Amino acid sequence: MHFYIITLFPEYFESPLNCGLMGKALQNNILEISRINPRDFTLDRHRSVDDRPYGGGPGMVMLLEPIIKSLKSLPQDCTKIMLTPKGRLMDQEMAAGLSREKNIALVCGRYEGIDARLEDLVDLELVSIGDYVLNGGETAALCIMEAVSRFLPGFLGKQESVGEESFSSGLLEYPHYTRPEAYAGFRVPEVLLSGDHGRIARWRRQKALENTLKLRPEILESQHLTPEDLDFTRNLQRLRPGRNLFISLLHHPVKNKMGQDSTTSLTNLDIHDIARVCATYGLGGYFLCTPLLDQQNLARRLLEHWTQGAGARANPDRARALSTVRVVHCLQDAVQYVHNLTGECPCIVATSASGPGDISCRQVLKHLRTKPVLMVLGTGYGLSRSVLQDADHMLGPVRFLEGYNHLSVRSAASIIVDRILGDYA
Ligand code: ADE
């Protein structure tokens, strides 16, 4: 494998490419690395590689010509990568794929970046190493070279080690220990001293599952888990931020067709389906808010049938879902209920099919880690202005760029709850 680094700072790579496994791989010809400085392809007296941006603004932009000439000096079959924060996020799968290439060019931008026409003129793969901005592509190029090289035969001492590491198995790695057996009162787990390789392998798999569930739950769902893995993982204690999330379905005050405050009737499907979402995602509770006594009585009769009556006997799963539902008179009663239950006043997040939001689902999840959140869903033509004004935050429409935004409230509830909690297994 040959890496061609196109960089204005070839000296940047001196030390990292001279030590450790990268240094050894270069010595043993497992790897070849060439550093190409676009400055060497300039013709003017000052050897210029950058210029001021058209349209004004701070910083300098890298010139096209020296980079194009640098790329033209490379072998024809070179896979060309440009390091940029706007690129596809690098991961282990990408590293494995790149390790099958023969020649890879890594174009490192500096300053404000490279003249945008480079992407029109050259077939480049844009790659980022994370959602943050570095001084240039050089650090990112180092990361890529190291992650890719680890897949090359002979790079690692023992070829199997790359398959056992974090991400190679799809899971985070199990913990490693070495001598001494006890340190500051902490002992190496007994199983690792047992010499029983079957037990050790099982323990390591379980620790990998445990670490992944605790630290990166979102990667678990895409893994092939055996029935034994699933059994083990289901019984692990896990963070359940959904316990802090409550839903309130408001039937008053909501807007009617003319935009006036009004009251709607209960909808059986909304009661059932949102309750099923609450049970599936482990939410703290679901409030049906209506000030109408006959509607409250109707809801209670319905709930009694499904949680205690014939419905519950016929369908215990439905009984479990509907047991999360409480009938309350108004939103304030729901707030009070959450306060009594959790000891804290919930953060009220209103939802709307129109208008701008001021909080994202990711930010709601952040709130849930420390305090309860009461998400308010409207019926009819949406929550009335007074509810929106009193809420702490507003969640924007599910599809904020589309002109058509007419999901049923139960569909919107499912999508929003999944967007907030979906990464949690
Ligand atoms: N250049 C500057 N920041 C970068 C990043 N995060 N990934 C790749 N190249 C970059």
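Scroll up a little and you will see the structure.
Presented here is a report on the structure given in the accompanying data block. (Residues numbered from 1 in each chain as written. Predicted model: local features only at pLDDT ≥ 70, side-chain atom pairs only at ≥ 80, totals over all residues. Heavy atoms only, no water.)

With parallel pairing, the 5 strands of this open sheet are ordered in space as S2-S1-S6-S5-S7. In this open sheet, the two edge strands, each paired with only one partner strand, are strand S2 (32–36) and strand S7 (125–128). Averaged over all pairs of adjacent strands, the angle between their axes in this sheet comes to 30 degrees, without regard to strand direction. Strand contacts of helix H2 (residues 64–72): strand S1 (2–6), S2, strand S5 (79–89) and strand S6 (103–108), with the helix running at about 170 degrees to S6, the strand carrying the most contacts. Contacts from helix H5 (residues 138–149) reach S1, S2, S5, S6 and S7, with the element oriented near 160 degrees to S6. (Pairing = 2+ DSSP bridges. Helix = DSSP H or I, 4+ residues; strand = E, 2+ residues; numbered from the N terminus. Axes fitted to C-alpha atoms, helices over the stretch in contact; angles between N-to-C directions. Contact = heavy atoms within 4.5 Å.)

The next point concerns the site of the ligand. Close to the ligand lie Leu83, Thr84, Pro85, Val127, Ser128, Ile129, Gly130, Tyr132, Val133, Leu134, Gly136 and Ala140, which account for all nearby residues. For the ligand, a nitrogen atom lies 3.0 Å from a polar atom in the backbone of Ile129. Contact with the protein chains hides 96% of the accessible area of the ligand, taken as 260 Å² for the molecule alone. The set of elements that each furnish at least two residues to the shell around the ligand consists of S5 and S7. Among the elements that line the shell around the ligand, the one with the most residues is S5, at 3 residues. Partitioned by chemical class, the residues of the shell around the ligand number 8 nonpolar, 4 polar and no charged. (Near = heavy atom within 4 Å. Polar contact = N/O pair within 3.5 Å; in protein donor to acceptor, adjacent residues only side chain to side chain. Areas by Shrake-Rupley, 256 points an atom, 1.4 Å probe, with all protein chains shown as cover. Nonpolar A, V, L, I, M, F, W, Y, C, P; charged D, E, K, R; others polar.)

What the 6 strands build is an open sheet, ordered S14-S13-S10-S16-S15-S17; its pairing is parallel. Two strands close off the open sheet at either side, each with one partner strand: strand S14 (325–328) and strand S17 (393–395). If you compare each strand with its neighbour and ignore which way they point, the axes differ by 25 degrees on average. Taken together, the 6 bridges between strand S10 (residues 245–250) and strand S16 (residues 373–378) define a ladder with parallel strand orientation. Counted as the bridge partner of Phe246 is Leu374 from S16. Helix-sheet contacts for helix H9 (residues 268–280) involve S10, strand S13 (285–289), S14 and S16, and the interaxial angle to S13 is about 160 degrees.

Moving on, we get to the layout of surface pockets. In this structure, the second largest pocket spans a volume of roughly 640 Å³. Among the secondary structure elements, those contributing two or more residues to the lining of the second largest pocket are S16 and helix H16 (409–421). By residue number, the principal contributor to the lining of the second largest pocket is H16, which donates 3 residues. Of the residues in the lining of the second largest pocket, the class split is 11 nonpolar, 11 polar and 1 charged. (1 Å grid on protein atoms, 1.4 Å probe; cavity = no way out; pocket = protein on both sides within 12 Å on 5 of 7 lines; lining within 4 Å. Points joined across faces, edges and corners; volume = space filled by probe spheres on them.)

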